[in-house]
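What follows is the residue order along each chain.
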Amino acid sequence: MTCTAEKPNVIILATGGTIAGSAADDTATTGYQAGALGVGVLINAVPEIKNYASVRGEQIASLDSKDMSDDVWLKLSKKVNELLSQSDVDGIVITHGTDTLEETAYFLNLTVQSKKPVVITGAMRPATAISADGPMNLLNAVRLAASPLAFDRGVLVCLNDQIDSARHVTKTHTTSLDTFKSPLGPLGFMNDGKPTFYNRVDRRHAGETEFEIGALTDLPYVKIIYGHAGDDALFVDAAIQAGVRGLVYAGTGNGSIHQEAEAALARAARAGIIVVRSTRTGSGTVIPAEQSYSEAGFLEGDSLPPQKCRILLQLALTRTTDRRQIQQMFYEY
Ligand code: SIN
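Please read all numbers here as calculations on a predicted model, not as lab measurements.

> Would you take a moment to explain the pairing of strand β9 (residues 188-191) for this structure?
Within a regular strand, side chains alternate between the sheet's two faces. Examined bridge by bridge, strand β6 (residues 162-165) and β9 share two bridges and lie antiparallel to one another. In the strand pairing of β9, Ile 163 is matched with Gly 188. For β9 and strand β10 (residues 194-197), the ladder comprises four bridges, and the chain directions are antiparallel. Residue Gly 188 lies in a different strand from β10, and its bridge partner there is Phe 197.

> Just checking my understanding: could you explain the side chain of Glu 300 for this structure?
Note that Glu 300 resides in strand β14 (residues 299-300). Sequence-distant contacts of Glu 300, defined by excluding residues within four places in its chain, comprise Val 276, Arg 277, Val 286, Ile 287, Pro 288, Gln 327, Phe 330 and Tyr 331.

> What is the right way to look at the sheet that holds strand β2 (residues 54-63) in this model?
What links the strands of a sheet is backbone hydrogen bonding, and the strands pair in either a parallel or an antiparallel sense. As summarised here, the arrangement of the eight strands in space is β2-β1-β3-β4-β5-β6-β9-β10, forming an open sheet in which the pairing is mixed. Edge positions in the sheet fall to β2 and β10, since each has one partner strand and no second. With strand direction ignored, the average angle separating the axes of adjacent strands in the sheet is 25 degrees. Helix-sheet contacts for helix α2 (residues 70-84) involve β1 (9-16), β2, β3 (91-95) and β4 (118-121), and the interaxial angle to β2 is about 165 degrees. Where helix α3 (residues 101-111) meets the sheet, it contacts β3, β4 and β5 (156-159), and its direction lies at approximately 170 degrees from that of β4.

Parameters at a glance
- Residues numbered from 1 in each chain as written.
- Predicted model: local features only at pLDDT ≥ 70, side-chain atom pairs only at ≥ 80, totals over all residues.
- Heavy atoms only, no water.
- Pairing = 2+ DSSP bridges.
- Helix = DSSP H or I, 4+ residues; strand = E, 2+ residues; numbered from the N terminus.
- Contact = heavy atoms within 4.5 Å.
- Axes fitted to C-alpha atoms, helices over the stretch in contact; angles between N-to-C directions.

Keep in mind these numbers describe shape, not what the thing actually does.
So this is what it looks like as structure tokens:
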């Protein structure tokens, strides 16, 4: 990081979400318009930010994050890479809707080519609500992005005074402020506004990844199929028809697959589609199981939830279609 007597330069990239949400009524925590307020309004609402960093904002998108797309991911990641390659930029904060925040965080964790701090934050209550959580989350995110302690830890997620890794974190509650959890543990906390770290993630992350998205205009088509009692071949066959390049099966337990879906997935694998077994349990590592899975060439998604397996598989497919190499990526990232 640049070490000068001046405050670190932190750029705030806004993408929308509840943190920029506006409701007609200050008691409303649902039914508001996500992404309605611009980045300037968010920054001006927290003048204390200037005590920690020199900031400027840029609007990348104004989305409800349920509508996040590969296009916005590519635009955002290219912008982050461009900014962090400048010697006078010390860190990035991204404001984002909480619904897919963990997916954008993991995409950036795999595609940002810098070890400078990148922190993603959001809010569960719209900016217009009583006790809105956005302003404190934004202040903490800037404090964290301005801190040398955040260097080389991968993309960080900071909400509700907690610091999580992009790889591990997931949204666990529909409405609670304390919704972001990491089944493998948080990295640290914002103790009275001071970043305090306890853990590190031992997987390749931003600044040490092989995924170059600079020249990409789109990403391989990969879909998730959710396993359940009474499952069948319908969605797998539809996905094969649609021309997917990869499929993630959110299996039961240790990535187990209903026998009817399994037969269809084996057909998909024979057709060259990469099939990754994940789990719908919410925690744990998918490890080798039935011999029929390995015979069919299905891969294991390690401890990534299905929505993050999809992202890693998309990026893996930009490099290779070799199953062994892709499986290795699931062990490394
Ligand atoms: C969104 O994800 O954009 C809406 C919900 C939220 O930010 O909490």
